[in-house]
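# Secondary and tertiary structure notes
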Amino acid sequence: MNNEQLNWQLTTPVAMIVFNRPQTTKKVFEAIRQVKPPVLFLIADGPRPDKPGEDKKCAAVREIIEKVDWDCQVYKNYSDVNLGCGKRPSTGIDWVFDSVEEAIIIEDDCLPDPSFFRYCQELLDYYRDDERVMTICGLNVQFGENPTDYSYYFSRYNHCWGWASWRRAWKYFDFDLKVWPEIREKNLLQDILQDSHAVKSWTHTFDIISANQLDCWDFQWIFANWVHGGLAITPRENLIKYIGYTEDATHTTNALSQYNQLEVKAMEFPLKHPPFIIRHDKADRYTESTYFDYQPNLYKRINRKVRKILGLKLSQSW
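Here goes a summary of the coordinates provided.

Criteria and thresholds
Residues numbered from 1 in each chain as written. Predicted model: local features only at pLDDT ≥ 70, side-chain atom pairs only at ≥ 80, totals over all residues. Heavy atoms only, no water. Phe/Tyr/Trp six-rings, centres within 6.5 Å; stacked < 30°, edge-to-face > 60°. Helix = DSSP H or I, 4+ residues; strand = E, 2+ residues; numbered from the N terminus. Buried < 20%, exposed > 50% of the residue type's maximum accessible area, 1.4 Å probe, protein only. Lys NZ or Arg CZ within 6 Å of the ring centre and 35° of its normal. Lys, Arg positive; Asp, Glu negative; His and termini not counted. Salt bridge = Lys/Arg side-chain N within 4 Å of Asp/Glu carboxyl O. Contact = heavy atoms within 4.5 Å. Pairing = 2+ DSSP bridges. Axes fitted to C-alpha atoms, helices over the stretch in contact; angles between N-to-C directions.

## Digging into the packing of aromatic side chains
- Enumeration over the complete set of coordinates arrives at 29 aromatic pairs.
- Residues Tyr 157 and Trp 226 carry aromatic rings whose centres are separated by 5.9 Å and whose planes lie at 70° to one another, so their mutual orientation is edge-to-face. Here Tyr 157 is found in the loop between β7 (152-155) and β8 (163-166), whereas its partner Trp 226 is found in helix α10 (residues 218-227), with 69 residues between them in sequence. An identical accessibility class is assigned to Tyr 157 and Trp 226; each is buried.
- Relative to Phe 292, the ring of Trp 202 has its centre 5.2 Å away and its plane inclined at 65°; by these criteria the two rings are edge-to-face. With a gap of 90 residues between them, Trp 202 in helix α9 (residues 196-210) and Phe 292 in the loop between α11 (281-289) and α12 (298-309) connect regions that are remote in the sequence. Like Phe 292, Trp 202 is buried.
- Sitting above the plane of the Phe 175 ring, Lys 87 keeps its charged end 4.3 Å from the centroid.

This is the structure:
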C-alpha cells in the first residue's frame with residue numbers, strides 16, 4: 001500500500017439499510033467502521049407482527065449499528081412497523097437524498113471490499129455533473145468473462161449489492177411505476193432492450209410490480225435508469241461479497257448459489273477511466289443470460305420469486 005492509499009480519507013456520506021440479521025449486520029458494519037465515514041445514515045425496518053422474536057432481532061441489529069466510535073454525524077430513520085422489502089429501503093433512500101447530494105448505500109448483507117468506498121467516492125466526483133451516469137455499482141457478475149482494459153465499464157444494469165448515486169439521479173425513482181402503462185402500450189421496452197425474450201420477461205416483471213404483487217424496489221430503480229437513458233458503472237473486478245444466503249433470508253436462501261461463491265478483489269488505484277461512455281453490450285448480454293436468466297427466461301424466475309413472497313409452495317428456491 002503506497003502513501004497515497006494510506007492517506008486517503010472517506011468524505012462521502014454512507015447509508016446502511018438493516019433489518020433483522022445481527023450476524024451479517026455486524027460484518028458489514030465493521031467494514032463501514034474501518035473507513036470511518038464522517039456522515040452515517042442508519043435505515044432500519046420494524047419487526048413483522050407474525051414473526052415471534054423478530055422484535056428482539058431488530059433490537060439487536062440496532063444496538064450493533066449504533067456503536068459508532070469515530071468522529072461521525074449519525075442520523076437514524078427507524079420504523080416501528082414493518083414496511084417491507086420495497087417500501088423500507090426506498091423510503092429510507094428518499095430520506096438520504098433529501099438530506100445530501102450524493103451517498104454510498106449498502107445493505108446489511110452486502111460485504112464490501114475496503115476499496116469499494118474509495119472507488120465510489122472518486123466516481124461520484126468524476127461523474128457528478130454527467131447525467132448520463134445514474135448509478136455506480138460495486139457488484140460484477142461476469143465471472144471473468146468480458147474483461148475490460150479499464151477500471152470499470154458502462155452497463156444498463158444497476159446492481160444494488162453495494163452502490164452509490166446522486167440526488168440528481170434518484171429523483172427519477174418511482175416506486176409505483178406510473179409511466180409503465182404508456183411504456184408498455186407503446187412497446188418501448190423493445191427500443192431499450194432489443195431482445196424479445198428480455199422484453200417479455202421484464203414486461204411481466206413490471207406488470208406484477210404495478211399490480212402490487214412484488215415487494216421490491218430494485219427493479220423500479222432499474223426501470224428509472226432505463227426510461228431516463230441512464231447508465232450504470234460496473235467495476236472491472238467484483239467488490240461486493242453477498243453474505244445474505246441464509247435460511248431466514250426473505251428472498252435469497254440458496255447458499256449453494258454461484259453468486260454466494262463470488263469472491264472480491266480490491267480495486268487498483270489510480271482508477272483507469274475509459275476515454276468514452278459507451279455501454280458494454282457483450283457484458284450486458286452475458287448478464288441477461290446468466291444473472292437474469294433469460295435462457296430459460298426471467299419470466300419463470302420472477303414467477304418463483306412472486307410465488308415465494310405470496311407464501312406458495314415452490315418446487316425449487318429463488
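Following the structure, the description resumes.
## Regarding the side chain of Arg 168
- Inspection of the secondary structure assignment puts Arg 168 in helix α6 (residues 167-170).
- Although Arg 168 is buried, it makes no salt bridge; Glu 131 carries the closest opposite charge, 5.4 Å away.
- In contact with Arg 168, not counting residues within four places along its chain, are Tyr 127, Arg 128, Asp 130, Glu 131, Val 133 and Met 134.

## Considering the sheet that holds strand β3 (residues 73-78)
- Taken together, 8 strands build an open sheet; the order of strands is β3-β2-β1-β4-β8-β6-β9-β7 and the sheet is mixed. The two strands at the open ends of the sheet, each matched to only one other strand, are β3 and β7. Recorded for the sheet is a direction-independent mean angle of 25° between the axes of neighbouring strands.
- For strand β6 (residues 133-137) and strand β9 (residues 231-235), the ladder comprises 3 bridges, and the chain directions are parallel. Directly across from Val 133, in β9, lies its bridge partner Leu 231.
- The sheet contacts of helix α2 (residues 22-35) involve β1 (14-18), β2 (39-44) and β4 (102-107), and relative to β1 the element is tilted by about 175°.

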